[in-house]
Amino acid sequence: MKFSPGYLSRDEQSSLLEALRAALVEAPLFTPTMPRTGKPFSVRMTNFGPLGWLSDQEGGYRYQATHPTTGRPWPAMPDILLRVWNEIGGYPAPPEACLVNWYEPTARMGLHQDRDEQDLAAPVVSLSLGDTALFRIGGAKRTDPTRSFRLCSGDAMALAAESRLSFHGVDRIYPGTSTLLASGGRINLTLRRVTKP
Ligand SMILES: O=C(O)CCC(=O)C(=O)O
Ligand SMILES: [Fe+2]
């Protein structure tokens, strides 16, 4: 795991947020649901790029080229994200999906692996905006010991090499820890290569 605290300046965070707000008009946040049970996630999501990640009761976890409610292609990946991928990811092929997770103050994400990508050699590069999160990461087995640390607005992180399949999740959001989002909450963006180049 490669952690780069304070990777984005405040100005870069603001311009990324602006790009995100423009894209949300085209690709509104949706609430994914769990495979089989149909239980709703506590985060809302959208995506940038040629592919986007989603989950619902019937189809389960997957990538697809279109938004589940509008049926339209996902908005293009903003340039700033391609730059981050090149600098942090150091992978020769471009990312195909940027999953945007929107956390209300009470939202969390259970311990999971990111393994819906065919190309597991590519890293998953994460950027955080807004309120601080308590992030937990373990090993490649669910029962491996975990450690926790805080992800703050502007922090970048990459799950790569031996940590690519590490179990991870978000235990809580700390409300009021950032002034970036006027109404609070947290946004996490993860850049992913899905297909093998
Ligand atoms: O919000 C985070 O920091 C992690 C998000 C995550 O693990 C995911 O989207 O797969
Ligand atoms: Fe994940």
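Residues numbered from 1 in each chain as written. Chains lettered and ligands numbered in written order. Predicted model: local features only at pLDDT ≥ 70, side-chain atom pairs only at ≥ 80, totals over all residues. Heavy atoms only, no water.

- Per an unreviewed UniProt entry, the protein carries the name Alpha-ketoglutarate-dependent dioxygenase AlkB and comes from Hansschlegelia quercus.

## Here we look at the coordination of the iron ion (ligand 2)
- Only H112 (NE2), D114 (OD) and H168 (NE2) from the protein coordinate the iron ion (ligand 2), and they sit 2.1 to 2.2 Å from it.
- Within one chain, the residues serving as donors to the iron ion (ligand 2) are arranged as H-x1-D-x53-H.
- Residue classification places D114 among the buried residues on the basis of a relative accessible area of 6%. (Donors = N, O, S within 2.8 Å, 3.2 Å for Na, K, Ca; no water. Buried < 20%, exposed > 50% of the residue type's maximum accessible area, 1.4 Å probe, protein only.)

## As for the layout of surface pockets
- In this structure, the largest pocket encloses a volume near 580 Å³.
- Together, 35 residues line the largest pocket, and F41, M45, M109, G110 and H112 are the ones closest to its centre.
- Every element with two or more residues in the lining of the largest pocket is listed here: β5 (97-103), β6 (109-112), β7 (124-130), β10 (156-159), β11 (168-174) and β12 (186-192).
- Partitioning the lining of the largest pocket into residue classes produces 17 nonpolar, 10 polar and eight charged. (1 Å grid on protein atoms, 1.4 Å probe; cavity = no way out; pocket = protein on both sides within 12 Å on 5 of 7 lines; lining within 4 Å. Points joined across faces, edges and corners; volume = space filled by probe spheres on them. Helix = DSSP H or I, 4+ residues; strand = E, 2+ residues; numbered from the N terminus. Nonpolar A, V, L, I, M, F, W, Y, C, P; charged D, E, K, R; others polar.)

## Some details on the pattern of salt bridges
- Summed over all chains, the structure comprises 10 salt bridges.
- Note that R44 is salt-bridged to E104, the shortest N-O span being 3.0 Å. Residue R44 is located in strand β2 (residues 44-48), and its partner E104 is located in the loop between β5 and β6; the two are separated by 60 residues in the primary sequence.
- Given a relative accessible area of 31%, R44 falls into the partly exposed group.
- When salt bridges that share partners are traced, they join D114, E117, R164 and R192 into one network. (Salt bridge = Lys/Arg side-chain N within 4 Å of Asp/Glu carboxyl O.)

## Notes on the pairing of β7
- Within β7, seven of the seven residues are buried, which leaves it mostly tucked inside the rest of the structure.
- Bridge count between β7 and β10: four bridges; the pairing is antiparallel. Bridge pairing in β10 links S126 to M157.
- Examined bridge by bridge, β7 and β12 share seven bridges and lie antiparallel to one another. Across the sheet, the residue bridging to G130 is R186, located in β12. (Pairing = 2+ DSSP bridges.)

## Notes on the UniProt feature "binding site: Fe cation" (unreviewed entry) in the protein
- The residues that UniProt annotates with the feature "binding site: Fe cation" (unreviewed entry) are H112, D114 and H168. Sequence-wise these annotated residues cover 57 residues; spatially they are packed, their C-alpha atoms never more than 8.7 Å apart. Lining the largest pocket, from this annotated set, are H112, D114 and H168.
- Residue position: H112 is located in strand β6.
- Within the structure, H112 has its side chain in polar contact with the backbone oxygen of G110 (distance 2.9 Å).
- Topologically, H168 is positioned in strand β11.
- Taking the relative accessible area as the measure of exposure, H168 reaches 6% and is therefore buried.
- Beyond its immediate stretch of four places on either side in the chain, H168 contacts G110, L111, H112, Q113, D114, F135, R136, I137 and L159. (UniProt positions renumbered as here; feature names shortened; annotations may be inferred. Polar contact = N/O pair within 3.5 Å; in protein donor to acceptor, adjacent residues only side chain to side chain. Contact = heavy atoms within 4.5 Å.)

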